[in-house]
Amino acid sequence: MLTTVHVADPEQGDIIDETLDLFRANSLFRNFEIKGPADRLLIILILYISDCLAKIGSARTVPTQIEASKMLNTLSVDNLAIPGDACLVDSWAVR
């Protein structure tokens, strides 16, 4: 039985590269027109990057690389509130 392995072209960017490249510009928009699943994923990744930066920025002192990695590892196992989730909508309604 032969198995076909698809390898991504390293010359072409992926959704993570695109999110990082467009993070600053996209984070300034209040409204996004969601045309498909890729747009939804881009929004979720922008929110996640924002959470990562906020977590590191909330430290009392500038964290070392090891401390920042530990903080982000802890954040990565927390539940991320995704737009449209009931818990996120409920938390916005309280404000």
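Residues numbered from 1 in each chain as written. Predicted model: local features only at pLDDT ≥ 70, side-chain atom pairs only at ≥ 80, totals over all residues. Heavy atoms only, no water.

Points about the overall build of the chain
No. 1: Summing up its helical and strand segments, the chain has four helices and zero strands in all.
No. 2: Going from N to C terminus, the chain has its helices and strands arranged as α-α-α-α.
No. 3: In the chain, which comprises 95 residues, the share counted as buried stands at 16%.
No. 4: For the chain, restricting intrachain contacts to residue pairs at least 6 apart in sequence, the fraction spanning at least 24 positions comes to 48%.
No. 5: Here the chain has roughly 8,300 Å² of accessible surface; of this, 57% comes from carbon and sulfur atoms. (Helix = DSSP H or I, 4+ residues; strand = E, 2+ residues; numbered from the N terminus. Buried < 20%, exposed > 50% of the residue type's maximum accessible area, 1.4 Å probe, protein only. Contact = heavy atoms within 4.5 Å. Areas by Shrake-Rupley, 256 points an atom, 1.4 Å probe, with all protein chains shown as cover.)

With respect to the packing of helix 1 (residues 15-27) against helix 2 (residues 37-57)
No. 1: Close contact between helix 1 and helix 2 brings their axes to 9 Å; oriented N to C, the two are set at 70°. By the criterion of interaxial angle, the relationship of helix 1 to helix 2 is roughly perpendicular. Here helix 1 contributes Ile15, Ile16, Thr19, Leu20, Phe23, Asn26 and Ser27 to the contact with helix 2, which in turn contributes Ala38, Leu41, Leu42, Leu45, Ile46, Ile49, Ser50 and Leu53.
No. 2: Of the residues assigned to the contact of helix 1 with helix 2, the class counts are 11 nonpolar, four polar and no charged. (Axes fitted to C-alpha atoms, helices over the stretch in contact; angles between N-to-C directions. Parallel < 35°, antiparallel > 145°, perpendicular 65-115°, else oblique. Nonpolar A, V, L, I, M, F, W, Y, C, P; charged D, E, K, R; others polar.)

Overview of helix 3 (residues 65-77)
No. 1: Across its 13 residues, helix 3 extends 19 Å between first and last C-alpha, which sits within 8% of the 18 Å expected from 1.5 Å per residue.
No. 2: Here helix 3 has its buried residues at Ala68, Met71 and Leu75. Angularly, the buried residues of helix 3 cover 65° about the axis, an arc narrow enough to put them on a single face. Of the exposed residues in helix 3, the ones pointing more than 90 degrees away from its buried face are Ile66, Lys70, Asn73 and Val77. (Expected span 1.5 Å × (residues − 1). Arc of directions from axis to C-beta.)

Points about the packing of helix 2 against helix 3
No. 1: Two elements in contact, helix 2 and helix 3, have axes whose closest approach is 10 Å; the angle formed by their N-to-C orientations is 135°. As far as their axial angle goes, helix 3 and helix 2 are oblique. For helix 2 against helix 3, the interelement crossing comes out right-handed. Residues Tyr48, Asp51, Cys52, Lys55 and Ile56 of helix 2 pack against Ala68, Met71, Leu72, Leu75 and Ser76 of helix 3.
No. 2: Of the residues that constitute the contact of helix 2 with helix 3, the class distribution is seven nonpolar, one polar and two charged. (Left-handed = near helix turned anticlockwise from the far one by under 90°.)

Some thoughts on the side chain of Thr19
No. 1: Positionally, Thr19 belongs in helix 1.
No. 2: A polar contact is formed between the side chain of Thr19 and the backbone oxygen of Ile15, at a distance of 2.7 Å.
No. 3: When near neighbours in sequence (up to four residues on either side) are disregarded, Thr19 contacts Leu42, Leu45, Ile46 and Ile49. (Polar contact = N/O pair within 3.5 Å; in protein donor to acceptor, adjacent residues only side chain to side chain.)

Notes on the confidence of the model for the chain
No. 1: Overall, the prediction assigns the chain a mean pLDDT of 79, with 76% of residues at 70 or greater.
No. 2: No element of the chain has a lower mean pLDDT than helix 4 (residues 86-94), at 46, and none a higher one than helix 3, at 93. (pLDDT = per-residue confidence, 0-100.)

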